[in-house]
Amino acid sequence: MGLKKMQSSLKLVDCIIEVHDARIPLSGRNPLFQETLGLKPHLLVLNKMDLADLAEQEKIMQRLEGEGLKNVIFTNCVKDENVKQIIPTVTGLIDSSHRYHRGENPEYCIMVIGVPNVGKSSLINSLRRQHLRKGKATRVGGEPGITRAVMSRIQVSERPLMFLLDTPGVLAPRIASVETGLKLALCGTVLDHLVGEETMADYLLYTLNKYQSLGYVQHYGLGSACDNIERVLKRVAVKLGKTQKVKILTGAGDVNVIQPDYPAAARDFLHTFRRGLLGPVMLDLDVLRGHPPAETVP
């Protein structure tokens, strides 16, 4: 539904800004965007750079360029970092596009696309703060899918006169692999309960250990790295005070056992990661190092 509507609006559009999460710069983008919207000048904005470990940024840029993405800007829309580069870049792209006839129409129209919850609305609000000295035009939701109104037209700049078409997040109908699906889920682009918070917490722990990103050890007072998710979640539950005493009947009578609230602990582990409190992370290091996820979803 979303893509068809976007396609029908393409006539009005001079340039496309695709927003994606900087923690997964190489995976999880909707490939249909490229096929469907590939005829217009295109800027890729990798948002939430403050949450991403960008030690390999140059390699990431080279890799994206190899995929035909020559215009890439890393941003943090909460702090308006690098957002000032966007309008000049877009203006340059449109002006050098041979399909563009300035003619009688003095305004630019840009379409903002992306999978859910990567910061499209935050980007629009940040642009308005920078160029119009105004704040929110779009509601920002921490849940995927909050931008409901398809194609609301929002002014973001006076000179040049520029409007953005905001679009709802559209996930690929078929996610390339289980691992890509889990990365998308960790970044909050899929509703948590669809994947399962404990499954995601387990994948998060595996990833943090694999890349030696061990901020969780100190944050939860674990003493050392651990690859047992149950043990980690038990520790998180105790730290949060999310435990209850349960009576268990045994042959020798009643025994009181402390029962950790695993779902609450998994939820906290995920939210803490998403807020950057476990340190910056690059979830696509495997792809960057040439180990693409092999397992595909049927």
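Residues numbered from 1 in each chain as written. Predicted model: local features only at pLDDT ≥ 70, side-chain atom pairs only at ≥ 80, totals over all residues. Heavy atoms only, no water.

Looking only at helices and strands, the protein has twelve helices and eight strands in total. Relative to its 298 residues, the protein shows a buried fraction of 50%. Pairs at least 24 apart in sequence give 70% of the contacts found in the protein among residues at least 6 apart. Carbon and sulfur atoms make up 51% of the accessible area of the protein, which amounts to about 15,000 Å² in all. (Helix = DSSP H or I, 4+ residues; strand = E, 2+ residues; numbered from the N terminus. Buried < 20%, exposed > 50% of the residue type's maximum accessible area, 1.4 Å probe, protein only. Contact = heavy atoms within 4.5 Å. Areas by Shrake-Rupley, 256 points an atom, 1.4 Å probe, with all protein chains shown as cover.)

The next subject is helix 6 (residues 178-186). When you tally the buried positions in helix 6, you get eight out of nine residues, the bulk of the element. Within helix 6, burial applies to Glu-179, Thr-180, Gly-181, Leu-182, Lys-183, Leu-184, Ala-185 and Leu-186. Those residues of helix 6 hidden inside the fold are in contact with helix 7 (192-195), helix 8 (197-210), helix 11 (262-274) and helix 12 (285-288). Looking one or two places after helix 6, you find Gly-188, whose phi comes out positive at around 85 degrees.

Now for the pairing of strand 7 (residues 243-250). In terms of burial, strand 7 is a largely surface element, zero of the eight residues being buried. Linkage of strand 7 to strand 8 (residues 253-260), two consecutive antiparallel strands, is achieved through a turn of two residues. (Pairing = 2+ DSSP bridges.)

Let us now look at the pairing of strand 1 (residues 15-21). For strand 1, the buried fraction is high: seven of the seven residues fall into the buried class. By the alternation rule, side chains of strand 1 split into Cys-15, Ile-17, Val-19 and Asp-21 and Ile-16, Glu-18 and His-20, which are all buried. Examined bridge by bridge, strand 1 and strand 4 (residues 108-113) share four bridges and lie parallel to one another. If you follow Ile-16 over to strand 4, its bridge partner there is Met-111. As defined by bridge partners, strand 1 adjoins strand 2 (residues 42-47) across six bridges and the pair is classed as parallel. Looking across to strand 2, one finds that Val-19 is bridged to Val-45.

Moving on: the side chain of His-42. The topology assignment puts His-42 in strand 2. For His-42, a relative accessible area of 15% translates into the label buried. Those residues in contact with His-42 that lie beyond four places of it in its chain are Cys-15, Ile-16, Glu-18, Arg-29, Gln-34, Leu-69, Asn-71 and Leu-93.

Now for the UniProt feature "binding site: GTP" (unreviewed entry) in the protein. Taking the UniProt record as the reference, the feature "binding site: GTP" (unreviewed entry) is found at Asn-47, Lys-48, Met-49, Asp-50, Asn-117, Val-118, Gly-119, Lys-120, Ser-121, Ser-122 and Gly-169. Those residues in contact with Met-49 that lie beyond four places of it in its chain are Ala-22, Leu-54, Phe-74, Thr-75, Asn-76, Glu-81 and Asn-82. By relative accessible area, which is 18% here, Ser-122 ends up buried. (UniProt positions renumbered as here; feature names shortened; annotations may be inferred.)

Turning to the packing of helix 8 against helix 10 (residues 229-240), a few remarks are in order. Viewed as axis vectors pointing N to C, helix 8 and helix 10 meet at an angle of 105 degrees, and their least axial separation amounts to 10 Å. If you check the angle between helix 8 and helix 10, you find them roughly perpendicular. Across the interface between the two elements, Glu-198, Ala-201, Asp-202 and Leu-205 from helix 8 touch Ile-229, Val-232 and Leu-233 from helix 10. When the residues that make up the contact of helix 8 with helix 10 are grouped by side-chain class, the tally is five nonpolar, no polar and two charged. (Axes fitted to C-alpha atoms, helices over the stretch in contact; angles between N-to-C directions. Parallel < 35°, antiparallel > 145°, perpendicular 65-115°, else oblique. Nonpolar A, V, L, I, M, F, W, Y, C, P; charged D, E, K, R; others polar.)

Bringing the packing of aromatic side chains into the picture now. This structure, assessed with the given rule, holds three aromatic pairs. Plain terms: the ring middles of Tyr-203 and Tyr-206 are 5.9 Å apart, the flat faces sit at 40 degrees to each other, and that makes the pair tilted. With Tyr-203 and Tyr-206 both in helix 8 and three residues apart, the pair spans about one turn of that helix. Looking at Tyr-203, the relative accessible area reads 9%, which means it is buried. Clustering of aromatic rings is evident, with ring pairs tying together Tyr-216, Tyr-220 and Phe-269. In this structure, Arg-153 is placed above the aromatic ring of Phe-163, and the distance from its NZ or CZ to the ring centre is 3.9 Å. (Phe/Tyr/Trp six-rings, centres within 6.5 Å; stacked < 30°, edge-to-face > 60°. Lys NZ or Arg CZ within 6 Å of the ring centre and 35° of its normal.)

Turning our attention to the pattern of salt bridges. Using the criterion set out here, one finds ten salt bridges in the structure. For Arg-153, the salt bridge goes to Glu-107, with nearest N and O atoms at 2.9 Å. Residue Arg-153 is located in strand 5 (residues 152-157), and its partner Glu-107 is located in the loop between helix 4 (86-95) and strand 4; the two are separated by 46 residues in the primary sequence. Overall, Arg-153 belongs to the partly exposed group, its relative accessible area being 45%. A single salt-bridge network, built from bridges that share partners, covers Lys-183, Asp-284 and Asp-286. (Salt bridge = Lys/Arg side-chain N within 4 Å of Asp/Glu carboxyl O.)

A separate point is the environment of His-271. Note on placement: His-271 falls in helix 11. On the basis of relative accessibility, which here comes to 38%, the residue His-271 falls in the partly exposed class. C-alpha of His-271 to C-alpha of Gly-188: the two residues are 83 residues apart in sequence and 9.5 Å apart in space.

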